[in-house]
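An overview of the molecular structure
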Amino acid sequence: MTTIAIVGGTGHHGRALARRFASAGLAVIVGSRDPQRARAAVAAWPARGSIDVADNVTAVEHSDVIVLAVPFASVDVVLTDLHAHLRGDSVMIDVTVPVTFTGGKMAMAEPAEGSAAEHIRSRLPDRVHLAAAFKTLPAHLLEAAGEPLDCDEFVCADSETARRRAIALVELLPGVRPVDIGPLSGARFIEHATALAIAINRRHKVDAARFRVVGLA
Ligand SMILES: NC(=O)c1ccc[n+]([C@@H]2O[C@H](COP(=O)([O-])OP(=O)(O)OC[C@H]3O[C@@H](n4cnc5c(N)ncnc54)[C@H](OP(=O)(O)O)[C@@H]3O)[C@@H](O)[C@H]2O)c1
């Protein structure tokens with residue numbers, strides 16, 4: 001069975017993904033800087049599937065796939081802590097979006113590497129396979145188990161191993177079609193698409209804007 005660690009699994013997006021993956025039959029380890037916080041968080045969730053808790057390092061050491069679900073501003077610190085503990089065959093799925101909200105105003109941080117995903121790539125050991133996915137789906141929709149998501153989710157990677165894993169994970173979500181957009185540099189477009197969805201939500205006073213690509217076979 002695949003074991004998947006969610007680094008930042010106590011957060012909104014991390015916990016939504018953790019619960020979805022556990023429901024789909026994966027063994028999930030919810031990672032946190034504080035395992036007590038993870039334990040308290042998981043205890044409050046409806047019981048479903050195999051969910052364990054650990055500090056982020058232990059979670060990573062015991063998993064095949066790592067989902068990085070922390071705020072972009074904390075990525076450097078988190079990756080520094082994890083660096084020595086990442087296995088040679090590890091796959092990391094980056095879900096971060098470098099948006100900031102100051103006084104209610106949304107802005108994109110513009111990482112020098114071009115995107116959050118490329119920034120993360122530059123801080124990972126070469127041996128780790130990286131893909132970007134789950135960047136545009138809002139966490140509250142993911143959390144609403146049973147709600148049809150009925151949308152596409154974009155995936156990109158330079159590593160074929162990571163691309164295949166990310167696509168397989170997206171396929172676990174009922175009603176979500178993975179759309180492979182190519183190399184990891186495509187994360188620039190995905191991350192801006194998330195900002196676009198947020199802007200649409202705000203303009204139209206809704207909360208579920210997401211994407212469906214037409215014209216694909
Ligand atoms: N929310 C969404 O709808 C959504 C959608 C798409 C993508 N994303 C992306 O997913 C990522 C997580 O989003 P979120 O809404 O779940 O964020 P969040 O709730 O603010 O944070 C997620 C978790 O990250 C950990 N964390 C927070 N600050 C940290 C720090 N300084 N150092 C280390 N760990 C820290 C915390 O876990 P512990 O305190 O337990 O360690 C926290 O529970 C973000 O990059 C976001 O852009 C979010």
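Here's what I pulled together on the structure shown here. Please read these numbers as outputs of a predicted model, since none were measured by experiment.

The next subject is the sheet that holds strand E2 (residues 27-32). With mixed pairing, the eight strands of this open sheet are ordered in space as E3-E2-E1-E4-E5-E8-E9-E10. Where the open sheet ends on each side, the last strands, each with one partner, are strand E3 (50-55) and strand E10 (176-180). Mean inter-strand twist for the sheet, computed between neighbouring axes without regard to direction, equals 25 degrees. Bridge count between E2 and E3: six bridges; the pairing is parallel. In the strand pairing of E3, serine 32 is matched with aspartate 55. Sitting on the sheet, helix H2 (residues 35-43) is in contact with E2 and E3, with an inclination near 155 degrees to E3.

In this fold, isoleucine 51 is placed in strand E3. On the basis of relative accessible area, isoleucine 51 is assigned to the partly exposed category, the value being 24%. Other than its neighbours up to four places away in sequence, isoleucine 51 contacts Ala18, Ala22, Val28, Val30, Val42 and Trp45.

Summed over all chains, the structure comprises two aromatic pairs. Judged by centre distance (5.7 Å) and plane angle (75 degrees), the ring pair of phenylalanine 21 and phenylalanine 134 falls under edge-to-face. You can see phenylalanine 21 sitting in helix H1 (residues 12-23) and its partner phenylalanine 134 sitting in the loop between strand E8 (129-132) and helix H6 (139-143), a full 113 residues away along the chain. Grouping residues by exposure puts phenylalanine 21 and phenylalanine 134 together as buried. Ring centres of phenylalanine 154 and phenylalanine 211 lie 6.0 Å apart, and the angle between their planes is 45 degrees; this geometry places the pair in the tilted category. Of this pair, phenylalanine 154 sits in strand E9 (residues 151-157) while phenylalanine 211 sits in the segment after helix H8 (187-204), placing them 57 residues apart in sequence.

Thresholds, definitions, all that
- Residues numbered from 1 in each chain as written.
- Predicted model: local features only at pLDDT ≥ 70, side-chain atom pairs only at ≥ 80, totals over all residues.
- Heavy atoms only, no water.
- Pairing = 2+ DSSP bridges.
- Helix = DSSP H or I, 4+ residues; strand = E, 2+ residues; numbered from the N terminus.
- Axes fitted to C-alpha atoms, helices over the stretch in contact; angles between N-to-C directions.
- Contact = heavy atoms within 4.5 Å.
- Buried < 20%, exposed > 50% of the residue type's maximum accessible area, 1.4 Å probe, protein only.
- Phe/Tyr/Trp six-rings, centres within 6.5 Å; stacked < 30°, edge-to-face > 60°.

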